[in-house]
There are 2 protein chains.
Amino acid sequence: MKSIQKVVLIGSGNVATQLGLALDEKGFDILQVYSQTHAHANELAKKLNSLPTNQINKIRPDADIYIISVSDNAISEVAKALPHENIFLVHTSGSTPMDIFKNNWENYGVLYPLQTLSKSVKCNFSNIPLCIEASDKDHLNELIKLGKKISSKVLHINSEQREYLHIAAVFASNFTNHMYAIASDILENKNISFEILHPLLDETLRKAKRNNPVEVQTGPAMRGDKLILDKHLERLSSLPAYQKIYNFISQSIYNAKKH
Amino acid sequence: MKSIQKVVLIGSGNVATQLGLALDEKGFDILQVYSQTHAHANELAKKLNSLPTNQINKIRPDADIYIISVSDNAISEVAKALPHENIFLVHTSGSTPMDIFKNNWENYGVLYPLQTLSKSVKCNFSNIPLCIEASDKDHLNELIKLGKKISSKVLHINSEQREYLHIAAVFASNFTNHMYAIASDILENKNISFEILHPLLDETLRKAKRNNPVEVQTGPAMRGDKLILDKHLERLSSLPAYQKIYNFISQSIYNAKKH
């Protein structure tokens, strides 16, 4: 197959936006942007000097790759509605197996950027791990070539690995942010700014990155310090949802230690 | 009272070590280091060009401040064993009220460094928030002066606030690290390096610091994406402890959203 140059973006959300910006910046031709909602297609197409459409049967036949960045449960449906055969189709989902394309397509793959992206904040794509998989060696090589133009971290990851990677990312990012949110709320109740925790958060992450996080676990649960644990649970009695989480995660930390 | 210059350190653990190093570096005289275990007192005293003792009745009477950095449940007992009256006594605990000293002492306070410290890793103390409280205005002012010599972030925090600050720190640091540890373990099972998550972890923290973390919550639980949640729970069925946490925190994120 020839090198990928011409791209059609299907979707206009966070991933489509940031991936589109990165591809455009590196000289790829974004031929067209599709979204169900014309205003959304239009908004992203403008940023990419591209053309919008909200009619799936108007999608052009001449792109080298069609990148589907829609919600997981819509990927299959959108793919089936495409008016062309023999095109190279990839999705960008962490939790959807590549085989979703198997029965209806010959050339397909996955291009999953492992990062929390938002439409409005321009990100530095070169630092984002790109997890790549494809139906055959040729398409894998072409995807890797494309990936390497926009990121320094291109990885060949199969569908099963990618699914567990997504689960790990939920723990390490979504759940971690929820812990920050609870801390912020507890402090707000006592008129203390969340900022006071920033140096601690920096250091916690720095330690976890330098070492195996299991080995740098600290705190009352790790020490089995029942005096503090009981005191904290008592203080959280007016915030029962947080009390329950405190108790639950403390037990998990303590149990992990015993293994 | 006169400015604090001469210090006795009671304890030789992580906090005593790092606080001692910071005070020594800024020109305070560390007269003596006490630990139950002579080898520990000796090890820290050496680093501070100070003198070790493991006999509490040999503690000198002429320091301007006695800093007790021992485990929370030993603070009271160690204080009572001191052979001197009319000394200025502080502890460094997040979860122990200042009033623990009230019945036996006249001049006392708290100097709580809000950071995860270890003996072996030299830290930059100037960036660490120091939470300060004292029995009276004069001692508060002297403690603030001492604090400002070693840190740019000195805060007057009362005992109740400090206790909730410690609880918030457990959520934001200890529990966060446990989330990292679970993610790392899940990846290891699939032969993927935890390093692949580093850019995501950086970005998650950066976002939470720039915004209110409640407002930047993302992920399947936040979206109420039952398809993904069920898939993840099913994949975690061979890791029941993680499955339970996944379910529990996802519910907490979803409930927080509804408030």
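Residues numbered from 1 in each chain as written. Chains lettered and ligands numbered in written order. Predicted model: local features only at pLDDT ≥ 70, side-chain atom pairs only at ≥ 80, totals over all residues. Heavy atoms only, no water.

**Focus: the relation of the copies chain B and chain A**
This is how the line gets drawn: Here the copies are matched by least squares. The fit uses the C-alpha atoms of residues with pLDDT of at least 70 in both. What makes two residues a contact is simply this: any of their non-hydrogen atoms within 4.5 Å.
Mapping chain B onto chain A is achieved by rotating through 180° and translating by 0.0 Å along the same axis, at an RMSD of 0.0 Å. This pairing of chains is accounted for by a two-fold axis. Taking C-alpha positions as the reference, the residue of chain B nearest the rotation axis is Thr176(B), at 2.5 Å. The share of interface residues of chain B whose copies in chain A are also at the interface is 100%, consistent with both copies meeting through the same surface.

**Quick look at the interface of chain B and chain A**
As a reminder, the rule being used: Buried area is a sum: the accessible area each of two parts loses on coming together, probed at 1.4 Å, counted once for each and added. Take a side-chain nitrogen of Lys or Arg and a carboxyl oxygen of Asp or Glu: if they are within 4 Å of each other, that pair is a salt bridge.
Facing 85 residues of chain B, the contacting portion of chain A comprises 85 residues. Both sides of the chain B and chain A interface together cover about 8,100 Å² of buried area, and 69% of this is carbon and sulfur. One can count six salt bridges joining chain B with chain A. In this structure, Glu160(A) and Lys190(B) form a salt bridge, with 2.8 Å as the shortest nitrogen-oxygen distance.

**Regarding the packing of aromatic side chains**
When we look at a pair of aromatic rings, we describe it by the centre distance and by the angle of the planes. Here is the rule we go by: Planes of paired rings set the category: under 30 degrees apart is stacked, over 60 is edge-to-face and the rest tilted, where pairs are Phe, Tyr or Trp rings (Trp by its six-membered ring) whose centres lie within 6.5 Å. Criterion for a charge above a ring: Arg CZ or Lys NZ at most 6 Å from the ring centre, at most 35 degrees from the ring normal.
Following the criterion strictly, the structure yields 11 aromatic pairs over all chains and no others. Aromatic ring contacts, followed pair by pair, group Phe171(A), Phe175(A), Tyr242(B) and Tyr246(B) into a single cluster. Over the face of the ring belonging to Tyr164(A) we find Lys190(B), whose NZ or CZ atom lies 4.4 Å from the ring centre.

**Here we look at the side chain of Thr204(A)**
In plain terms, the rule: A run of DSSP states H or I qualifies as a helix once it reaches four residues; a run of E qualifies as a strand once it reaches two. Both are numbered from the N-terminal end. The rule is simple: take the accessible area with a 1.4 Å probe, protein chains only, and divide by the maximum for that residue type; under 20% is buried, over 50% is exposed, in between is partly exposed.
Relative to the helices and strands, Thr204(A) is located in helix α6 (residues 198–210). Residue class for Thr204(A) comes out buried when judged on its relative accessible area of 5%.

**What about helix α5 (residues 159–189) of chain A?**
Residue and element names in this part refer to chain A. The criterion, for reference: By this rule the span expected of a helix is its residue count minus one, scaled by 1.5 Å. Here the bend at a residue means the angle between the axes of two seven-residue stretches, the one that ends at it and the one that starts at it. Distance and chemistry together define a polar contact, namely a pair of N or O atoms within 3.5 Å, with one atom able to donate a hydrogen and the other to accept it when in protein, and with adjacent residues in sequence counting only for side-chain atoms on both sides.
End to end, α5 covers 44 Å across 31 residues, agreeing with the expected 45 Å (1.5 Å per residue, within 8%). Of all the bends found along α5, the most pronounced is centred on Val 170 and spans about 30°. Most of α5 sits inside the fold, with 27 of its 31 residues counted as buried. For α5, the side-chain oxygen to backbone nitrogen distance between the N-cap and Glu 160 is 3.1 Å, and the N-cap itself is Asn 158. Just downstream of α5 lies Asn 191, where phi reads positive at about 60°.

**Side note on unusual backbone geometry**
One non-glycine residue, Asn49(B), adopts positive backbone phi at about 50°. Note on placement: Asn49(B) falls in the loop between α2 (38–47) and β3 (51–53).

**Some remarks on the pairing of strand β5 (residues 88–91) of chain A**
Residues and elements named next belong to chain A. Going by this rule: Two strands pair under a simple rule: DSSP has to find at least two bridges between them. When the strands point away from the viewer, a crossover counts as right-handed if the path from the first strand over the helix to the second runs clockwise.
Of the two faces of β5, both are covered, the one formed by Phe 88 and Val 90 as well as the one formed by Leu 89 and His 91. As defined by bridge partners, strand β4 (residues 65–68) adjoins β5 across three bridges and the pair is classed as parallel. Residue Ile 67 lies in a different strand from β5, and its bridge partner there is Val 90. In this fold, the crossover linking β4 to β5 by way of helix α3 (residues 75–81) has right-handed handedness. The pairing of β5 with strand β6 (residues 107–113) spans four bridges and is parallel. Counterpart to Val 90 in the pairing with β6 is Gly 109.

**A look at the pattern of salt bridges**
Applying the stated criterion to the full structure yields 22 salt bridges over all chains. One salt bridge in this structure joins Lys2(B) and Asp64(B), with 3.1 Å as the shortest N-O distance. Of this pair, Lys2(B) sits in the segment before β1 (6–10) while Asp64(B) sits in the loop between β3 and β4 (65–68), and the two are 62 residues apart along the sequence. The salt bridge involving Arg162(B) is made with Glu133(B); its shortest N-O contact spans 2.7 Å. Here the residue Arg162(B) occupies a position in helix α5 (residues 159–189), and Glu133(B) occupies one in strand β7 (residues 130–134), the gap between them amounting to 29 residues. Connected through shared salt-bridge partners, Glu163(A), Glu234(B) and Arg235(B) make up one network.

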